[in-house]
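# Notes for the structure review
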Amino acid sequence: DRLCFSEFGRIREEGGFRRSHRSASDTLPWRHADGAVTKRVKDEVADSLDPPPAVEPRTVQMSREEQFVWPWMGVLANVPTEWRGGRQIGESGNRLKERLAAFCPHKVVPLWSHRGHTGNAIVEFGKDYASLRNAFSFENHFEAQGHGRRGWEASRCRGGPKMFGWVARADDRRTPGLVVEYLQRNADVKSVAELESEGTRKTDKLVANLASQIDVKAKHAQELESKYSVKTTSLENVMEERELIFQRYSDEIHKMQQLARRHSQMTLRRIRRSVRSWIARCRILSSNPRSLMSLLCVANLTEGI
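What this report covers is the structure whose coordinates are included nearby. Quick caveat: nothing in here was measured; it's all calculated off a predicted structure. (Residues numbered from 1 in each chain as written. Predicted model: local features only at pLDDT ≥ 70, side-chain atom pairs only at ≥ 80, totals over all residues. Heavy atoms only, no water.)

### Examining the environment of A168
Condition: Numbered from the N terminus, helices here are DSSP runs of H or I no shorter than four residues, and strands are runs of E no shorter than two. We call two residues contacting when some pair of their heavy atoms lies within 4.5 Å.
When you line up the elements, A168 lands in the loop between β7 (164–167) and α7 (178–186). Each C-alpha atom, one on A168 and one on V189, is 9.5 Å from the other, the two residues being 21 residues apart in sequence. Contacts of A168, omitting those with residues within four sequence positions, involve F68, V69, M73, G74, V75 and L183.

### Here we look at the side chain of H117
Definition in use: Polar contact is the term for a pair of N or O atoms within 3.5 Å; when the atoms are in protein, one must be able to donate a hydrogen and the other to accept it, and sequence-neighboring residues count only if both atoms are side-chain atoms.
With respect to the helices and strands, H117 occurs in strand β6 (residues 116–126). From its side chain, H117 meets the backbone nitrogen of G119 in a polar contact 2.9 Å long. Apart from the residues within four sequence positions on either side, H117 is in contact with V79, T81, Q88, I89, G90, E91, P110, L111 and W112.

### Quick notes on the pattern of salt bridges
A side chain with one charge may pair with a side chain of the opposite charge, provided their charged atoms come close. Defined as follows: Salt-bridge detection follows one rule: a side-chain nitrogen of Lys or Arg within 4 Å of a carboxyl oxygen of Asp or Glu. Each residue's exposure class comes from its accessible area (1.4 Å probe, protein chains only) as a fraction of the maximum for that residue type: buried when under 20%, exposed when over 50%, partly exposed otherwise.
Under the counting rule described, the total for this entry stands at eleven salt bridges. In this structure, the salt-bridge partner of E82 is R84, at a minimum N-O distance of 2.3 Å. A residue is classified by how much of its surface remains accessible, and E82, at 7% relative accessible area, is buried. A salt bridge links E153 to R149, with the nearest nitrogen and oxygen atoms 2.9 Å apart.

### Examining the packing of aromatic side chains
The following threshold applies: Only the six-membered ring of Trp is used, alongside the rings of Phe and Tyr, when aromatic pairs are assigned; centres must lie within 6.5 Å, and planes under 30 degrees apart are stacked while those over 60 apart are edge-to-face, with the rest tilted.
Scanning the model with the defined rule gives six aromatic pairs in all. Between F68 and W72 the ring centres are 6.4 Å apart and the planes differ by 75°, which places this aromatic pair in the edge-to-face class. For the pair formed by F68 and W72, the shared burial category is buried. Ring geometry for W152 versus F164: centroids 5.1 Å apart, planes at 55°, classification tilted. Separated by twelve residues along the polypeptide, W152 in helix α6 (residues 149–154) and F164 in strand β7 bring together distant segments of the chain. Given the relative accessible area of 13%, W152 is considered buried. In this structure F164 comes out as buried when scored by relative accessible area, which is 0%.

In structure tokens form, the structure reads like this:
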């Protein structure tokens, strides 16, 4: 999604940073396994028992060039752990995700080393506006209690039983450790201006691709229309030729019928004339017997010859 700078600022300022007498562990239902306080090495015990120094809530300084880890991710530090069975044990990613359900994380990934749980975890939020809003709500919550990144650094990274959280930025990819390794493997660093520019380029590219597809479809439609026109013209010519052939056939049949009718009429006329002629001769012969006898004799002589 294309990022809008004003929208980005509104999301960061939403809710503000307010002081509260409750700690992050009070507002979220954090609970140590078996009710035990996190065990640290001896040189950290004294520092962890001291309350972290007061940290003023940070004033939001907006900058289009400020670089964040993208997709949006958060860092959890000082996650409660305990020493058990020769290694550090802490809550699973699913359990931590349930604890942070108010911020709608996509996934929570605890970071482990050969000694067990490191006390750090990565909170993955996503890439869209809603994920950005959730990420800064997550940061605002911890920052309001003095348990943001500045609080973690001010406590010399020994925050006692309290958890710390913040939105991952470019600096979080530079400090050596498992957090850096995870962020370098799974995320990039981008500023708001870069995301806006990428969004603009993607939009322009999408528009160009759609325009190109429209041109291709238009050309294809023109080709189909041209083929349709050719086929239609050809079909019309075939139909005209068919009609012409049919007309010629009808004319020939009509002529043949007329000729046959004329021939039949002429034949009938000849037959009628012949019949009339024979009838007339028969009448003449019947009225003159001598002529009839002479005719019969002639006929007999003709047969004898």
